[in-house]
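# Structure at a glance
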Amino acid sequence: MSDETSQPERLEKVIELRLPSKLGYERVAMDTASSLARRMGFPDDRVDSLKTAISEAVTNAIEHGNQQDAAMKVVVLLTALEDGLIVSVADQGRKPLAQVSTTNSPKIEEAFERDDKGGWGIWLIRELMDEVEFSTAPSGGNQVRMVIHLE
Amino acid sequence: MMLEDELTVSTRERDGVAIIDLVGDVTTFAEEKINAAYREVTNDGARFVLLNFRQNDYINSAGIAILIGIVTEVNRNNQKLAVSGLSQHFQKIFRMVGLAQYAEIYQDEEEAIGRFQQAAAE
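Per an unreviewed UniProt entry, chain A goes by Anti-sigma regulatory factor and derives from Candidatus Viridilinea mediisalina.

In structure tokens form, the structure reads like this:
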């Protein structure tokens, strides 16, 4: 994990959100990211991709990482760069992310056979963003860092 | 603060097609409503089912899982399923996930009804 926020000239370009771990609050992150991305000049289709990716990352953090304990926070950092936007989403790590979910590609035909037809979130993030990295935060939580490039 | 349950689901019939109108967000909170609407039209004997979106701007992976559940039932019950009214972004997502292979995507209700009528006549 690079330290984007440690450079003073970049501090003014960082937006930090601390969201309660309750489903629905991911929309606050989506709206904020969407507003920022539009101002940065991202086209509509990229803004839509960003909204989906950030909603999946925050939803995962709420549901899995923090087990919907509303007292636990999901921390979202949006860093505006000249050539793109970095989004980092961190939870407090009640439950670590299964490694396999960061690399697999779900198949709809397999989903038909399962009771749980989910498991698309992380794959969507990987498909929609230009760079995606999963890691463990120093505090022990799950962290996903996504980058979307301005072309 | 209204963060949940921002979906209105209603059903109607038009030219032999059961239309399920979905206005709002399709997330985990939508499951009961969508499944209930599908059961209702199926119990009424629907052969052709149209999920009619209204350019909804929030469909997430939990919502996609609900729709895959509907496709599973549609296949089991030998019905035909189509979707209409999706934004460009969600048309893309439906193709990526593979839903488009099991539910034809139409721009709007008119186009979907027209195609269903052709299919019924064949």
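After that view, the rundown keeps rolling.
Residue and element names in this part refer to chain B. With 13 residues, helix α4 (residues 109-121) ought to run about 18 Å at 1.5 Å a step, and its terminal C-alpha atoms sit 18 Å apart, in line with that. For α4, the full list of buried residues reads Ala112, Ile113 and Phe116. Within α4, the buried residues cover an arc of 95° as seen down the axis, which keeps them to one side. Along α4, the residues that are exposed and aim more than 90 degrees away from the buried face are Glu110, Gly114, Gln118 and Ala121. Next to the buried residues of α4 lie β1 (7-14), β2 (17-24), β3 (48-53), β4 (80-84) and β5 (104-106).

Across the contact, 19 residues belong to chain A and 19 residues belong to chain B. Secondary structure elements with two or more residues in the side of chain A that touches chain B: α3 (44-65), α4 (108-113) and α5 (121-128) of chain A. Examining the composition of the side of chain A that touches chain B, we find that 6 residues originate from one element, α3(A), more than from any other. Residue classes in the side of chain A that touches chain B are distributed as 7 nonpolar, 6 polar and 6 charged.

Moving on, we come to the UniProt feature "domain: Histidine kinase/HSP90-like ATPase" (unreviewed entry) in chain A. Using the residue numbers shown here, the UniProt feature "domain: Histidine kinase/HSP90-like ATPase" (unreviewed entry) corresponds to residues 20-147 of chain A. Within residues 20-147 of chain A, the helical portion is 40% and the strand portion 23%, while the C-alpha atoms at the span's ends are 24 Å from each other.

As a further point, take unusual backbone geometry. A positive phi angle is found at B:Asp15, which is not glycine, with a value near 50°. Judged by the 11 C-beta atoms lying within 10 Å of it, B:Asp15 falls in the exposed class.

Residues B:Phe90, B:Ile93, B:Phe94 and B:Val97 constitute the buried set of helix α3 (residues 88-97) of chain B. Buried residues in α3(B), looked at end-on, bunch into an arc of 100°, giving them a common side. The exposed residues of α3(B) that point more than 90 degrees off its buried face are B:Gln88 and B:Arg95. Those residues of α3(B) hidden inside the fold are in contact with α3 and α4 of chain A together with α2 (61-76) and β5 of chain B. B:Gly98, located one to two residues past α3(B), shows a positive phi value of around 105°.

Below, the discussion takes up the sheet that holds strand β2 (residues 73-81) of chain A. Residues and elements named next belong to chain A. Taken in spatial order, the 5 strands make up an open sheet running β1-β2-β3-β5-β4, and their pairing is antiparallel. Taken across any chain shown, the strands that pair with only one partner, and hence form the sheet edges, are β1 (14-20) and β4 (131-136). Along the sheet, successive strands turn relative to each other by an average axial angle of 15°, direction set aside. As paired elements, β4 and strand β5 (residues 142-149) share 6 bridges and run antiparallel to each other.

A word on the sheet that holds β4(B). Backbone-to-backbone hydrogen bonds join strands into a sheet, with any given pair of strands oriented parallel or antiparallel. Residue and element names in this part refer to chain B. With mixed pairing, the 5 strands of this open sheet are ordered in space as β1-β2-β3-β4-β5. Looking at which strands have only one partner, the edges of the open sheet turn out to be β1 and β5. This sheet shows a mean twist of 20° between the axes of neighbouring strands, independent of strand direction. By the bridge criterion, 8 bridges tie β1 to β2 in an arrangement that is antiparallel. Residue Glu13 lies in a different strand from β2, and its bridge partner there is Ala18.

Within the largest apolar cluster, 73 residues are counted, with the highest numbers of intra-cluster contacts made by A:Ala53, A:Ile54, A:Ala57, A:Val58, A:Val89, B:Ile20 and B:Leu50. Ignoring sequence-local partners within four residues, the contact set of A:Ile54 consists of A:Ala29, A:Met30, A:Ala33 and A:Val87.

Procedures and definitions
As a convention, each chain's residues are numbered from 1 in the sequence order in which they are written. Here chains are named by letter from A upward and ligands by number from 1 upward, in the order in which they appear as written. Whole-chain, interface and lining totals are the exception, using all residues; otherwise, since this is a predicted model, local features are given only for residues with pLDDT of at least 70 and side-chain atom pairs are given and counted only at 80 or more. Under the DSSP-based scheme used, a helix requires at least four consecutive residues in state H or I and a strand at least two consecutive residues in state E, with every element numbered from the N terminus. By definition here, a helix of n residues has an expected span of 1.5 Å times n minus one. Exposure is read from a count of other C-beta atoms within 10 Å of each residue's own; the residue is exposed at 12 or fewer, buried at 20 or more and partly exposed in between. C-beta atoms are placed from the backbone. Along the arc lie the directions from the helix axis toward the C-beta atoms. Our contact criterion uses C-beta atoms placed from the backbone: two residues qualify when those atoms are within 7 Å. Gly is placed with the polar residues, together with every amino acid not listed as nonpolar (Ala, Val, Leu, Ile, Met, Phe, Trp, Tyr, Cys and Pro) or charged (Asp, Glu, Lys and Arg). UniProt positions are given in the numbering used here, feature names are shortened, and annotations may be inferred rather than shown by experiment. Any two strands are treated as partners once DSSP identifies two or more bridges connecting them. To get an axis, a line is fitted to the C-alpha atoms, and for a helix only the part in contact is used. The angle between two axes follows their N-to-C directions and goes from 0 to 180 degrees. Think of a nonpolar core as buried Ala, Val, Leu, Ile, Met, Phe, Trp, Tyr and Cys residues chained together by C-beta atoms that fall within 7 Å.

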